[in-house]
Amino acid sequence: MKAKPSFLIFENRMSLSPFEHSFLGGLFADEETSALFSAEADVAAMLQFEVALAKAQAACDVISNDDAVRIADALNTIVIDYPSLREGVAKDGVVVPDFVRQLRSVVGGQAATRVHFGATSQDVIDTSLMLRLKAAAEIIMARLSSCVSGLQNIASRDGSKPLMGYTRMQAAISMTVADRVTSWQQPLVGHHEKLAVMMKRGFALQFGGAVGTLDKFGDKGADIRAELARRLGLVDTAQWHSQRDSIVDFGHCIALITGSLGKFGQDIALLAEMGNEIRLAGGGGSSAMPHKQNPVVAETLVTIARFNAVQMSALHQSMVHEQERSGAAWMLEWLVLPQMVVATGSALLLAERLIEQIEHLGS
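The model shown is predicted, which means the values in this text are computed figures rather than measured ones.

Peer 1: Help me get a handle on the overall build of the protein, residues and values and all.
Peer 2: Check the secondary structure of the protein and you find twelve helices and four strands. Reported as C-alpha extents along the three principal axes, the dimensions of the protein are approximately 75 × 65 × 35 Å. Counting across all 363 residues of the protein, residues that qualify as buried make up 49%. Long-range contacts, defined as pairs at least 24 residues apart, comprise 77% of the intrachain contacts of the protein with a sequence gap of at least 6. For the protein, the exposed area adds up to about 17,800 Å²; of that, 55% sits on carbon and sulfur atoms. Side chains of the protein carry 32 positive and 39 negative charges; the gap between the two charge centres is 3 Å.

The following block contains the structure:
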């Protein structure tokens, strides 16, 4: 048998995404935020929606409590057939029809007809996204706080030292380290505040039924939606199937975060180029010039800032939904938003690392 080429040895670990690549992941990976966009995390959030929906409907006397209990018990122990989900998506364009078929098969009996009652595919998928974006926002906020604290430590240690100020890449007049650190720190504080506001009002339940009117529930629709939102810890608001501004708002916020971190990285790379005003630990090596210590982490922050800036244009394109629901615009979000979130998580990890690498700043 002909030997397999050595470049195919790791074929099962190949990825088109640098965030999950077998070796590029050493630079770009963030396992904690990536896990939120795994198939398993998505399914877990969709199951959470379906269980909460049954319980909310029982609380509002739309289905029986016995049916809700049977649904919850079955879905809490269900084993999902992922290959079947893949085949379903290829046929239906969304995962929910096959997903719900599997759920009803496990629940069985009369209660099976009450699974997913009154909901539509987009309710499940968008609510799953909101649950996971909220978790991502919590991670991002914690890392922002860490970066702000780390920069404050640098200001406390080196803040009074002189540092040359530059305008338009030319030496201007002397300033202090504290002045420069403030320019890195203040935007991160602002981004943290924006996310804190989003945590209170920006992660909304999606629940509208076929065309957003909750037609199956008559005058109980608003009560069921409120109860469902409460159970999921999401904001109760009218359906937003074709109004995607909240998604773009979140994307804009994380693009601002990576942009601010890119500015920090760019400044550190320039300081490293000058050589006499900063001392960094753990620079990257060169295959051709062993004496070099490349500011790899700082450079990567610049790259991620530019990456997310480019993705924002695609996210804006995804706002153009036709009538009550779009397939094409919706799919564009699936391609773009997860990578933006993981890129942001990765940038914050890199920023924490870079802050720790700054052993000395200033003249």
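Peer 1: Quick one: what's the story with the pairing of strand β1 (residues 162-167), residue by residue and with numbers?
Peer 2: Sheet topology note: the β1/strand β2 (residues 170-176) ladder contains five bridges and is antiparallel. Paired with T167 across the two strands is Q170, which belongs to β2. Taking the residues that link successive antiparallel strands as the turn, the β1-β2 hairpin has two residues, and the phi of R168 there is positive, at about 55°.

Peer 1: Explain the nonpolar core to me, using residue names and the numbers behind them.
Peer 2: Judged by nonpolar contacts, the single largest core of 108 residues is most densely connected at L133, L195, F207 and F250. At 17 residues, the largest contribution of residues to this core is made by helix α7 (residues 121-158). Apart from the residues lying within four places of it in its own chain, the contact partners of L195 are A137, I140, M141, L144, F250, C253 and I257.

Peer 1: Hey, could you go over helix α9 (residues 221-232) for me, with residue numbers and the actual values?
Peer 2: Helix length check: α9 (twelve residues) gives 17 Å between terminal C-alpha atoms against 16 Å at 1.5 Å per residue, within 8%. Taken as a whole, α9 has its buried residues at G221, I224, R225, E227, L228, A229 and L232. Contacts made by the buried residues of α9 are with α3 (39-59) and α7. Positioned one or two residues after α9, G233 has a phi angle of 70°, which is positive.

Peer 1: Which residues make up the packing of aromatic side chains, and what values do they have?
Peer 2: For the coordinates displayed, the defined rule picks out eight aromatic pairs. Aromatic side chains F19 and F28 sit 6.1 Å apart centroid to centroid with 80° between the ring planes, which places their arrangement in the edge-to-face category. When its relative accessible area of 6% is taken as the criterion, F19 is described as buried. Look at F28 and you get buried, because its relative accessible area is 14%. Look at F117 and F217: their rings are 5.8 Å apart centre to centre, the planes differ by 80°, and that puts the pair in the edge-to-face class. Within this pair, whereas F117 is found in the loop between α6 (96-107) and α7, its partner F217 is found in the loop between α8 (177-201) and α9, the two being separated by 100 residues in sequence.

Peer 1: Residue-level account of the environment of A45, with values.
Peer 2: Here A45 lies in helix α3. Along the sequence, A45 and S128 sit 83 residues apart, while their C-alpha atoms lie 4.8 Å from each other. The residues touching A45, leaving out its near neighbours within four places in the chain, are S128, L131 and R132.

Peer 1: Which residues make up unusual backbone geometry, and what values go with them?
Peer 2: With the exception of glycine, most residues fall at negative phi, and the peptide bonds are largely trans. Its identity as a non-glycine residue notwithstanding, H116 has a phi of 70°, on the positive side. Looking at the secondary structure, you find H116 in the loop between α6 and α7. For M169, which is not a glycine, the phi torsion comes out positive at approximately 65°. Relative to the helices and strands, M169 is located in the loop between β1 and β2. Relative accessible area serves as the criterion here: at 62%, M169 is assigned to the exposed category.

Peer 1: Could you give me a rundown of the side chain of E352, with the residues and numbers involved?
Peer 2: Locating E352 in the fold gives a position in helix α12 (residues 328-357). Within the buried set, E352 has no salt-bridge partner at all; the shortest N-O distance to an opposite charge, 5.1 Å, is to R143. A distance of 2.8 Å separates the side chain of E352 from the side chain of S146, its partner in a polar contact. Among all residues touching E352, those that are not within four sequence positions of it are R143, S146 and C147.

Peer 1: Help me get a handle on the packing of α8 against helix α10 (residues 245-274), residues and values and all.
Peer 2: Where α8 meets α10, the closest approach of the two axes is 10 Å, and the angle between their N-to-C directions is 165°. As summarised for this structure, α8 and α10 are arranged roughly antiparallel, according to the angle between their axes. By crossing handedness, the relation of α8 to α10 is classed as left-handed. Residues R180, S183, W184, P187, L188, H191, K194, L195 and M198 of α8 lie in contact with α10, whose contacting residues are D249, F250, C253, L256, I257, S260, L261, K263, F264, D267, I268 and L271. For the contact of α8 with α10, the residue count by class is 13 nonpolar, three polar and five charged.

Peer 1: Let's hear about the environment of D61: which residues, and what values?
Peer 2: Its place among the elements puts D61 in the loop between α3 and α4 (65-75). C-alpha of D61 to C-alpha of K220: the two residues are 159 residues apart in sequence and 9.2 Å apart in space.

Peer 1: An account of the environment of I139 is needed here, citing residue identities and associated values.
Peer 2: The residue I139 is located in helix α7 in this model. In sequence terms I139 and A35 are 104 residues apart; their C-alpha atoms lie 12 Å from each other. Discounting chain neighbours no more than four positions away, the residues touching I139 are E32, T33 and L36.

Scoring rules and cut-offs
The residue numbers shown here count from 1 along each chain, following its written sequence. Totals for whole chains, interfaces and linings use all residues, but because this is a predicted model, local features are given only for residues with pLDDT of at least 70 and pairs of side-chain atoms are given and counted only at 80 or more. The side-chain figures draw on all heavy atoms in the structure; neither hydrogens nor water molecules are used. The secondary structure listing takes helices from DSSP runs of H or I that are at least 4 residues long and strands from runs of E that are at least 2 residues long, numbered from the N terminus. The rule is simple: take the accessible area with a 1.4 Å probe, protein chains only, and divide by the maximum for that residue type; under 20% is buried, over 50% is exposed, in between is partly exposed. Contact definition: two residues touch when any of their heavy atoms are within 4.5 Å. Areas reported here follow the Shrake-Rupley algorithm with a probe of radius 1.4 Å; residue values treat only the protein chains shown as occluding. His is not counted, nor are the chain ends; Lys and Arg add positive charge and Asp and Glu add negative charge. Positions of charges follow a simple convention, taking NZ of Lys, CZ of Arg, CG of Asp or CD of Glu. At least two bridges found by DSSP between two strands are what make those strands a pair. We define a nonpolar core as any set of buried Ala, Val, Leu, Ile, Met, Phe, Trp, Tyr and Cys residues linked to one another through side-chain atoms lying within 4.5 Å. Expected helix span is computed as 1.5 Å times (number of residues minus one). Working definition: rings of Phe, Tyr and Trp (its six-membered ring) pair if their centres are within 6.5 Å, and the pair is stacked with planes under 30 degrees apart, edge-to-face with planes over 60 apart, and tilted otherwise. Here a salt bridge means any side-chain nitrogen of Lys or Arg lying within 4 Å of a carboxyl oxygen belonging to Asp or Glu. N or O atoms within 3.5 Å of each other form a polar contact, as long as, within protein, one can give a hydrogen and the other can take it, and as long as residues adjacent in sequence are counted only when both atoms are side-chain atoms. Angles run from 0 to 180 degrees between N-to-C directions of axes, and those axes are lines fitted to C-alpha atoms, restricted for helices to the stretch in contact. Roughly parallel means an angle under 35 degrees; roughly antiparallel, over 145; roughly perpendicular, 65 to 115; everything else is oblique. Handedness of a helix crossing follows the sense of rotation of the near helix relative to the far helix, less than a right angle counterclockwise being left-handed and clockwise being right-handed. Polar here means any residue outside two lists: the nonpolar Ala, Val, Leu, Ile, Met, Phe, Trp, Tyr, Cys and Pro, and the charged Asp, Glu, Lys and Arg; Gly therefore counts as polar.

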